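Residues per chain, in single letters:
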Amino acid sequence: MSIAAINRLILLFDQAFRQLGATVAMPRCEQLAMLVQRSMDHRHRVYHCSRHLFAMVPGMNARQTLATLFHDLVYYQLDGGFPVALEEPLRRVARCHDKQLSLRLIARKDWPLRLCAEVFGFSGGQTLSPYAGQNEFLSAVAAVRLLHEHLAAHDLLAIVACIEATIPFRGPDAEGRDLPQQLRQRLAQANRIFACGADDEELEQMLADAIALANRDVAGFAEADPARFLANTWLLIEESNAPLVDAGAYSIRDYRLAMARMEAFLRQLEPAHIFHRHGHCPEAEDYRHLLVVAGRNLEFSCAYLGCKLLAIGIVEAFAQLTGGDCPISMLLGDLRGDEERPQRAEDLLPGQVPVADHDPDLLHVLRHGRARESRNDLNASPLSAYVYAALGDAATHRGLVAARALFAGTLTPQDFLVSLPRPVVHCIGEACARISLSRRESLQAWLAGQRPDA
């Protein structure tokens, strides 16, 4: 029988402090745990929440555990600001102007902030980017502010290093140094400046701990089951696209843009920028395995999202031809009903025997769903499955090229639909017409106007 999430957090704080030889009263552990839970389980978070912390901490040492508890504490753009409990102290660290955060000038006496800036390589006055350590830095600052009265300087240094390493998807710097080399240099410098007392062996252990934690943070990229990797990817899509929170009310274009952003992001990712290695952390064979599986997952996910982009592109083209963008439910039906399952467009599509050139694993996931339910989308993708089964790999790729041209405005909705196999387009159009009330006549008129031999 599991214990309540808040009690698990309290226990993690208590155990970590004990392992580091720090005497911290249980009420303080409770206070810290409550702060973490209130920040992490914000209503907009579906991936970076306390569940993510609990998945990461098994087998970690005390410093890594404390770093994990704090590493996602601040998620400024998703939460719409700083955690309520840290609003005042963090506003003294960073200021917001035109929706952009910048680091205030750092007072010399503010050594916790100076320590974090040194390890992150940040300086007072600089603009903070949500894609280059903004949230991790502010989370580290919060951690040191809250923990410095309980822990020694070398423990704080290790915790900040672990949080810095979780800034994701970084390649070599301008001098060709990889992430571990960059972090090792800043660790050594911070250790000297703040007299943390760590020798070379301890600095190496700090670096190994940081790299291990960073790899654990993105472990989902090496998930053996592509359907489970897609499930986590979907949580990130939902979390980073505010319009999708309103299930059924978001528009066709909102949905397409969310798919396109994630597909473009995954397409440019390199496995070597996801996972990192320093010395024997991880072992060479384990590291190669991480890269291979991550590469496979990225390729599979891009193919999956490509199928969904082509399918929603067909629906978007019909919408543009019959009145413009509209709630996705207008043409496809509601995701779910209060009492019974609502009728959806895919229910009106014919059965489809897949063509020869298809990936059976991809078609299986499209038909049967990702490994975890979504609040704001269907788990399975029957419309995308129908399109992919009818077209196969080669024709789906050609259709996706045309869909991108449609999205870019260089191909008209009419020309896009005519470029695709007529039976597929007409079946989807007829299904949308039967779902929609206000667009039915326009849809039927367009379908009737197409040449039989088109």
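Because the structure is a prediction, the values reported are computed rather than measured.

**Q** Could you give me a rundown of the overall build of the protein chain, with the residues and numbers involved?
**A** Looking only at helices and strands, the protein chain has 20 helices and two strands in total. The C-alpha atoms of the protein chain give 25 Å as radius of gyration, which agrees with the globular expectation for 454 residues (22 Å, within 12%). In terms of overall dimensions, the protein chain has a C-alpha envelope of 80 × 50 × 45 Å along the principal axes. Looking at the protein chain residue by residue over its 454 residues, the buried ones come to 53%. The contacts of the protein chain with a sequence gap of at least 6 include a subset with a gap of at least 24, amounting to 70%.

**Q** Tell me what's going on with the packing of helix α7 (residues 111–120) against helix α10 (residues 179–193), and back it up with residues and numbers.
**A** It is at 8 Å that the axes of α7 and α10 come closest, and there the two elements cross at 150 degrees. By the criterion of interaxial angle, the relationship of α7 to α10 is roughly antiparallel. Pair α7 / α10 crosses with right-handed handedness. Between α7, through Arg-114, Leu-115, Glu-118, Val-119 and Phe-120, and α10, the contact on the second element is made entirely by Leu-183, Arg-186, Gln-189, Ala-190 and Ile-193. A class-by-class count of the residues in the contact of α7 with α10 yields six nonpolar, one polar and three charged.

**Q** Lay out the pattern of salt bridges with the relevant residues and their values.
**A** Between side chains of opposite charge, pairing is possible as soon as their charged atoms come close. Taken as a whole, this structure holds 16 salt bridges when the rule is applied. Note that Asp-155 and Arg-63 form a salt bridge whose closest N and O atoms lie 2.9 Å from each other. Separated by 92 residues along the polypeptide, Asp-155 in helix α9 (residues 153–165) and Arg-63 in helix α4 (residues 62–70) bring together distant segments of the chain. With a closest N to O distance of 2.8 Å, Asp-173 and Arg-177 form a salt bridge. You can call Arg-177 partly exposed: its relative accessible area is 25%. Salt bridges sharing partners connect three or more residues here, namely Arg-63, Asp-155 and Glu-202.

**Q** How would you explain the side chain of Asn-215 if you had to name every residue and give the values?
**A** Mapped onto the fold, Asn-215 is located in helix α11 (residues 200–217). Residues in contact with Asn-215, not counting those within four places in the same chain, are Ile-274, Phe-275, His-276 and Pro-282.

**Q** Go over the environment of Glu-270 with me, naming the residues and quoting the values.
**A** As for its position among the elements, Glu-270 is in the loop between α13 (252–268) and α14 (284–321). Glu-270 gets classed as partly exposed once you look at its relative accessible area, which sits at 44%. With 28 residues separating them along the chain, Glu-270 and Leu-298 place their C-alpha atoms 8.8 Å apart.

**Q** Before we move on, could you go through the nonpolar core and cite the residues and values that matter?
**A** Grouped together as the largest cluster of nonpolar side chains are 78 residues, with contacts concentrated most on Phe-13, Phe-17, Phe-70, Phe-137, Leu-138 and Leu-157. Once residues lying within four places of it in the same chain are set aside, the contact partners of Phe-17 are Ala-22, Val-24, Cys-29, Leu-32, Leu-66, Leu-147, His-150 and Leu-151. Counting residues in hydrophobic clusters, the runner-up holds 72 residues, among them Phe-300, Cys-326, Leu-331 and Val-365.

**Q** Outline the confidence of the model for the protein chain, supporting the account with residue identities and numerical values.
**A** Averaged over every residue, the pLDDT of the protein chain is 89; the share at 70 or more is 91%. Taken together, the stretch residues 241–245 has pLDDT below 50 and engages in eleven contacts with residues farther than four places along the chain or on a different chain. Of the regions scoring below 50 in pLDDT, residues 371–377 engages in 31 contacts with residues more than four places distant in sequence or in other chains.

Basis of the calculations
Residues numbered from 1 in each chain as written. Predicted model: local features only at pLDDT ≥ 70, side-chain atom pairs only at ≥ 80, totals over all residues. Heavy atoms only, no water. Helix = DSSP H or I, 4+ residues; strand = E, 2+ residues; numbered from the N terminus. Rg over C-alpha atoms; globule rule 2.2 N^0.38 Å. Buried < 20%, exposed > 50% of the residue type's maximum accessible area, 1.4 Å probe, protein only. Contact = heavy atoms within 4.5 Å. Axes fitted to C-alpha atoms, helices over the stretch in contact; angles between N-to-C directions. Parallel < 35°, antiparallel > 145°, perpendicular 65-115°, else oblique. Left-handed = near helix turned anticlockwise from the far one by under 90°. Nonpolar A, V, L, I, M, F, W, Y, C, P; charged D, E, K, R; others polar. Salt bridge = Lys/Arg side-chain N within 4 Å of Asp/Glu carboxyl O. Core = buried A, V, L, I, M, F, W, Y, C linked by side-chain atoms within 4.5 Å. pLDDT = per-residue confidence, 0-100.

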